[in-house]
Amino acid sequence: MKAKLLFLSLTILSAGLLCAAESPQVGSAAPGFTLPDAHGRIESLSKFKGKYVVLEWFNPGCPFVQKHYRSDNMQTMQKEFTGKGVVWLTIDSSAPGEQGNLSPAEAQKQMADWKMDPTAFLLDPTGKVGREYGATNTPHMFVINPEGKLIYEGAIDSKPSTNQSDIQTATNYVKTALNESMAGKPVATTTTKAYGCSVKYAD
Amino acid sequence: MVTRRMNCSRGVALALLLAALLICPGQTSAQMFQGHNLVQASLIADTTAIVPGQPFTAGLLLKMAPSWHSYWRYPGDAGIPTEIKWHLPQGWKAGPMQWPIPLKLNEPGDIQIYGYHDEVLLMMQLTPPARIAEKSVHLAGDADWLVCAKICIPGDGKVQLDLPVANSATAANQELFSKFRAQLPKPLPSGAESAIKWTREAKSFRLTIGDKSLAQKASVDFFPLPKAPTVIGHPKRELSNDGSIVFTLPFETAPPDMQSLDGLIVFDHQAWSLGSAAIQSTGTEEAKPASALSGGLLKYLLFGFIGGFILNLMPCVLPVISLKIFGFIQHAGDSRRKIFGNGVAFAAGIFVWFIALALLMIALKAAGHQITWAFQFTNPIFVVVMSAVVLVFALNLFGVFEITLSSRATTGLLGWSAQEGYAGSFFQGVFATVLATPCTAPFLGSALGFAFAASAGIILLMFFAIAAGMSAPYLLLTAQPAWLRFVPRPGPWMVHVKQFMGFLLIATLLFLLWVLGAERGPDAAIWTSAFLLALSIACWMKGSFLLPGASLARRSLVLGLMLLLVLGSGFYFIGEKFAATKIAAVSLTKSDWVPFGPIRLQSELAQGRSVFIDFTAAWCITCKFNEASVLETAAVKEAFKHYGIVKMKADWTNADPVITKTLKQFGRVGVPLYVLYPASAPDKPIVLPELLTQALVLDHLQSIAPKLALTP
């Protein structure tokens, strides 16, 4: 009996070790990464040290992403904040064969079609960066401060729906976090539950 | 009624919707996608009429296309829950949505979501005003949902229902409502409240459930219901050493004064609500376990008797039984009295072991353990001891050494193998029975399953019946020695038969070593063999040097060396090397089998596939026999493939508690068990007999195949 319990414990223990992967939390350093963009340029997070960086997880087929692009909400934010010196990185972690997986050429076309205006559109078909950040949704937003620390993680705004008319009445968490931090104030809402479609990672 | 579509123009969508409207006038809202009906939403009530002032239940019924799912209140890492906005007449009240227990589904990238497959009924209590002037009432609402398979598509639609107003009403849609009411979480049982403890740590909440009855369940899970602004990670079951169930729920953010989370404790197909989640559970229908005790007892005792009788013929017992027959031949010339005495002693051995086993199981059950048939074979030390006993027995039959009954010290463990004497017969009985346990004979499965769920007295009675069944042939044979007349006269041929039986035992030993290998890896089998080698040398020393005529000094020397050899090698090979081997990972060498898991099973069934489960164990000979002679044959493999049936293997070699629990759900306490879940009726699994034949399996597979071929 005792021996049996021991084996049982060992099994549970090893199972526990397997799923011990942790995603970064707000307040900790944002993990570095290097990814190619839609034009084949290689971008690294380390290059943008000293600047605010926004990470936006993207999948053009996802109705929640479409909500923020078809309403021009996302593009307006991209323009507003890149104009203020913020680096905006749109990241596509859809695996090959899954919805939203784009070739560089398709990504360029998508940018033109939707008049997207990020600093760079990064392609992460292996999902390595997405998994490292624990990005589960599209859109899933992360804000990194000039010291390289994560200051916001979660939803784009407070109304989880695909309804464009909700955007006007929702609290935009990304905007708020950036504005608060840029004004030298602490960020009030640092973590929210992201909403959207699941990121289409490879099996 | 509007349905959003991603890839078609609105006009086409509208046309499709109009078509859907014509088919189901005023009732159903269909969500179309690429010409397929993705979701059908409708509103139903559990009553035929509205009685003023009297609450009733309405439900939003979502029927989803295969493999698509909608979401629970807490959707998990992605997705959004289904919603309804009521447009009710003046004076009406609508209660909160009652959510059936969802399925937990895992998507690539460690994404965990909670949702529903196939169909779900989201119930709400509606209370009409005390006075209604109209003859009928129009109930309507706007429903919003998200369905996802690989991709996600939001849908919405107006659902409506017209009901007459009357003074009395009868129940309607009973089947659907009772099905989903049974799936609602229940409030925490009053006794269990004190067993729930929450603690908050730096970055997680810790839920400790000290409920004994839950600790026995195979799979207990916690489905969290965090409310904004709380953001949490995945609940994780922790190791606990005091028998309680512990979950940690890492949080990314939680209000500083928050001490606990709402959520569901999910087990089997039930759930208990914790916190304010309880308010929404109004499930009252309690499934009452049918009391099979009264009428079935005699029938099951008879099953036990027959099962015990058949055990004699099972492959694991055969070597010992052959020896017993052999013993009868040898004793054929003895007095009737002596022969019968031997028969009684043999039967007594069988009874003593079974009764001892029953008492042990009763004790374990009282201590809150899972009890199972052949559980001792899941303990590797037991298998090592069995190997040693079988080998020593075989060496004795080969004539390497003789047991001298006159010696004072040998009456113990070795005494059983003596070919003469009541003690010998007694221990042979014990030995045969010990070897019998990894086999579950026909009838035995259902009989044991019945007994293990019952009281201590019934368990004892059942084991008594099995012992009686197994010993019956010997008692009869020895009581009527005239029947032995037909066996040949004793002679030198018996030495050869004796030696041949030794080889049968070596074959048994090979099987035991293979079990060890399966349980603990090949190293375990090798180290055990090393110990067995040392043991053989000790036996040879006894046979060659420990002769009755030898001097005391020489005898002591040989005995000392023997002890040194056995204890030394036992300590080194078993105590050190063997103990260091790790439990072997379950490996599925046959790649067309998937490992069994309750969630996997649910998910496969939810996707409309039939599932066959082989509950097996490395030490279960009946299982191996069935696999080799039926399940792994070309014809049967082909049939599984042809009908698209998912094959799952539940490997119970190391007594996996999840599998133990599942066995118990089928009223079984041991393997083999073969279960077929037809896609057409996943709630009515078919249990196949313990001994399979090709024809039987093929018949069953064919019987559940859809009558119309679904091939395009």
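Computed from a prediction, not measured in an experiment: that's the story for all the values here.

1. Concerning the sheet that holds strand S19 (residues 263-267) of chain B
All names here are of chain B. One open sheet holds the four strands; their spatial order is S12-S20-S19-S15, and the pairing between them is mixed. Of all strands in the sheet, those bounded by a partner on one side alone are strand S12 (186-187) and strand S15 (220-224). Taken together, the five bridges between S15 and S19 define a ladder with antiparallel strand orientation. The residue of S19 that forms the bridge with Val220 is Phe267.

2. Some points on the packing of helix H12 (residues 522-545) of chain B against helix H13 (residues 552-578) of chain B
If you want to describe how two helices pack, look at the angle between their axes and the distance between the axes. Residue and element names in this part refer to chain B. As a packed pair, H12 and H13 sit with axes 9 Å apart at the nearest point and diverge in direction by 175°. Relative to H13, H12 is oriented roughly antiparallel. Contacts from Ala524, Trp527, Thr528, Ala530, Phe531, Ala534, Leu535, Ile537, Ala538, Met541, Lys542 and Phe545 in H12 reach Val558, Leu561, Met562, Leu565, Val566, Ser569, Gly570, Phe573, Ile574, Lys577 and Phe578 in H13.

3. Observations concerning the confidence of the model for chain B
All names here are of chain B. Chain-level statistics for chain B give a pLDDT mean of 77 and a share of 78% at 70 or above. Helix H1 (residues 10-23) is the least confidently modelled element of chain B, averaging 39 in pLDDT, while strand S9 (residues 119-127) averages 94, the highest of any element. Ignoring residues within four places in sequence, the model shows residues 277-295, a span with pLDDT below 50, making 28 contacts including any to other chains. Long-range and interchain partners of residues 707-712, a stretch whose pLDDT sits below 50, account for zero contacts in this model, where long-range means more than four residues apart. Across the interface, the model reports ipTM at 0.76; the global pTM reads 0.50.

4. Overview of the pairing of strand S5 (residues 120-123) of chain A
Residue and element names in this part refer to chain A. The pairing of strand S4 (residues 87-92) with S5 spans four bridges and is classified as parallel. Bridging from a neighbouring strand, Leu89 pairs with Ala120 of S5. On the question of chirality, the crossover connecting S4 to the parallel S5 by way of helix H4 (residues 104-114) is right-handed.

5. Things to note about unusual backbone geometry
Across the junction of Thr138 of chain A and Pro139 of chain A, the peptide omega takes the value -5°, indicating a cis bond. Mapped onto the elements, Pro139 of chain A comes out in the loop between strand S6 (137-138) and strand S7 (141-144). A cis geometry characterises the amide bond from Ala228 of chain B onward to Pro229 of chain B, with omega recorded as 10°. Notably, Ser67 of chain B is not glycine yet its phi reads approximately 75°, a positive angle. Within the fold, Ser67 of chain B resides in the loop between strand S3 (56-64) and strand S4 (69-76). Of note, Asp110 of chain B is a non-glycine position whose phi angle comes to about 55°, a positive value.

6. With respect to the nonpolar core
Core analysis: the largest hydrophobic core is formed by 110 residues, its most contacted members being Val54, Val143 and Val174 of chain A together with Leu60 of chain B. Setting aside its immediate chain neighbours within four residues, Leu60 of chain B contacts Ala41, Leu43, Ile84, Leu122, Ala143 and Val159 of chain B. Within the second largest apolar cluster, 94 residues are counted, among which are Phe354, Ala394, Ile459 and Ile466 of chain B.

Criteria and thresholds
Residues numbered from 1 in each chain as written. Chains lettered and ligands numbered in written order. Predicted model: local features only at pLDDT ≥ 70, side-chain atom pairs only at ≥ 80, totals over all residues. Pairing = 2+ DSSP bridges. Helix = DSSP H or I, 4+ residues; strand = E, 2+ residues; numbered from the N terminus. Axes fitted to C-alpha atoms, helices over the stretch in contact; angles between N-to-C directions. Parallel < 35°, antiparallel > 145°, perpendicular 65-115°, else oblique. Contact = placed C-beta atoms within 7 Å. pLDDT = per-residue confidence, 0-100. Right-handed = clockwise from strand over helix to strand, strands pointing away. Core = buried A, V, L, I, M, F, W, Y, C linked by C-beta atoms within 7 Å. Buried ≥ 20, exposed ≤ 12 C-beta atoms within 10 Å, placed from the backbone.

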